[in-house]
Amino acid sequence: ISAISADGALTCTAPTPPSVNFNQAGATVFGTGPLTLTGTPCCTSYDVPGLTQTVSVPNGSFVYVTSNGGVGLAVSACSVAPCGVAVYVALVVDGVVPHNGFQQIEAATNAADSIDPTAYWHIGQVVPLDPGVHTIKVQARYISSVNAPFGANVSNGDMYPLRQGDLTVLVLSQ
């Protein structure tokens, strides 16, 4: 109670909270379409459409990155049983795959010829980044296929949301 007026009315004044800037931000982006991978396995990785973010990291912050999504056949049914595809998926920071857990190999396989095999990636951890602007993206590379001549689809857009990839980046102050 700050004051009582002559007619008995109470006046209350709350203290003004301090202004605090926590330097925290977060965003999620979603796959905008499939990345179709075919051909001879090798060393070339490709950006997954829609799964790229550029973030500004202030002093005294750390960054948590996570990505999820699906891998399956480029054509939904197997031509001959068994069938499947194997794909390498990685989180890439400033053009480099960080050490310790930023990559997975997903194998979508099926013993029948009528069901669409799907595998899912789940990658997430704290990334040590210096202050400044950084680009974080998801990339994939074809490894192999069995009886799947059209290759693999990595992620998808809204047309096939069960495989649609996502990339979330959280910048948190210490």
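Quick look at the structure, then.

## Remarks on the overall build of the protein
Part 1 of the reasoning: Looking only at helices and strands, the protein features zero helices and 12 strands.
Part 2 of the reasoning: When the helices and strands of the protein are listed from N to C terminus, the series reads β-β-β-β-β-β-β-β-β-β-β-β.
Part 3 of the reasoning: Considering the protein as a whole, with its 174 residues, one finds that 37% of them fall into the buried category.
Part 4 of the reasoning: In the protein, of all internal contacts separated by at least 6 residues, the share reaching a separation of at least 24 is 78%.
Part 5 of the reasoning: Split by element, the accessible area of the protein, about 9,500 Å² in all, is 58% carbon and sulfur.

## Thoughts on the packing of aromatic side chains
Part 1 of the reasoning: Counted under the stated rule, the structure contains zero aromatic pairs.
Part 2 of the reasoning: Across from the ring centre of tyrosine 88, 4.1 Å away, lies the NZ or CZ of arginine 141, which sits over that ring.

## Observations concerning the side chain of glutamine 164
Part 1 of the reasoning: Its place among the elements puts glutamine 164 in the loop between β11 (152-154) and β12 (166-173).
Part 2 of the reasoning: From its side chain, glutamine 164 meets the backbone oxygen of glycine 31 in a polar contact 2.8 Å long.
Part 3 of the reasoning: The residues touching glutamine 164, leaving out its near neighbours within four places in the chain, are Phe30, Gly31, Asn68, Gly69, Ser155, Asn156, Gly157 and Asp158.

## Here we look at the nonpolar core
Part 1 of the reasoning: By size, the foremost hydrophobic cluster in this structure holds 34 residues, and its most contacted members are Ile136 and Val154.
Part 2 of the reasoning: The residues touching valine 154, leaving out its near neighbours within four places in the chain, are Gly33, Pro34, Leu35, Leu37, Val48, Gly70, Val71, Val87, Trp121 and Ala140.

## Here we look at the sheet that holds strand β5 (residues 46-57)
Part 1 of the reasoning: Taking strand neighbours across the sheet as the criterion, the four strands line up as β5-β10-β7-β8 in an open arrangement whose pairing is antiparallel. Unpaired on one side and paired on the other, β5 and β8 (103-110) mark the two borders of the sheet. Each adjacent strand pair in this sheet contributes to an overall mean axis angle of 20 degrees, direction not counted.

## Description of unusual backbone geometry
Part 1 of the reasoning: Backbone geometry at asparagine 147 places phi at a positive 55 degrees, although glycine is not the residue there.
Part 2 of the reasoning: Take asparagine 147: it is sitting in the loop between β10 (132-146) and β11.
Part 3 of the reasoning: For asparagine 147, a relative accessible area of 33% puts it in the partly exposed group.
Part 4 of the reasoning: Although it is not a glycine, serine 155 sits at a positive phi angle of roughly 60 degrees.
Part 5 of the reasoning: Mapping serine 155 onto the fold places it in the loop between β11 and β12.

## Some thoughts on the pairing of strand β6 (residues 61-73)
Part 1 of the reasoning: Where burial is concerned, most of β6 is hidden: 10 out of the 13 residues are buried.
Part 2 of the reasoning: Two elements, β6 and β12, share eight bridges in a ladder whose sense is antiparallel. Looking at the pairing, phenylalanine 62 lines up with leucine 172 of β12.
Part 3 of the reasoning: Sheet topology places β6 next to β11; three bridges connect them, and they run antiparallel. Across the sheet, leucine 73 pairs through a bridge with alanine 152, a residue of β11.

## Observations regarding the side chain of lysine 137
Part 1 of the reasoning: For lysine 137, the location among the structural elements is in strand β10.
Part 2 of the reasoning: When near neighbours in sequence (up to four residues on either side) are disregarded, lysine 137 contacts Asp47, Leu51, Thr52, Ala90, Leu91, Val92 and Leu167.

About the thresholds
For every chain, the first residue of the written sequence is number 1, and numbering continues from 1 along that sequence. Only residues with pLDDT of 70 or above have their local features reported here, since the model is predicted, and side-chain atom pairs are shown and tallied only from 80 upward, although totals for entire chains, interfaces and linings are computed over all residues. The side-chain values count all of the structure's non-hydrogen atoms but skip hydrogen atoms and water molecules. The numbering of helices and of strands both runs from the N terminus, where a helix is a DSSP run of H or I of at least 4 residues and a strand a run of E of at least 2. A simple rule labels every residue: compare its accessible area, found with a 1.4 Å probe on the protein chains alone, to the largest value its type can have, and call it buried under 20%, exposed over 50%, or partly exposed in between. Every residue pair with non-hydrogen atoms within 4.5 Å of one another is taken to be in contact. Computed with the Shrake-Rupley method and a 1.4 Å probe, the accessible areas treat only the protein chains shown as cover for residues. Centres within 6.5 Å make a pair out of two Phe, Tyr or Trp rings, where for Trp the six-membered ring is used; the pair is then stacked when the planes are under 30 degrees apart, edge-to-face when over 60, and tilted otherwise. A ring has a charge above it when a Lys NZ or an Arg CZ is no more than 6 Å from the ring centre and no more than 35 degrees off the ring normal. We call two N or O atoms a polar contact when they sit within 3.5 Å, provided that within protein one can donate a hydrogen and the other can accept it, with sequence-adjacent residues counted only if both atoms are side-chain atoms. Throughout this description, the term nonpolar core refers to a set of buried Ala, Val, Leu, Ile, Met, Phe, Trp, Tyr and Cys residues connected via side-chain atoms within 4.5 Å. Pairing between strands requires that DSSP locate at least two bridges from one strand to the other. Whenever a helix is involved, its axis is fitted only over the stretch in contact; in every case the axis is a line through C-alpha atoms, and angles between N-to-C directions fall within 0 to 180 degrees.

Function cannot be inferred from these measures alone, as they are strictly geometric.
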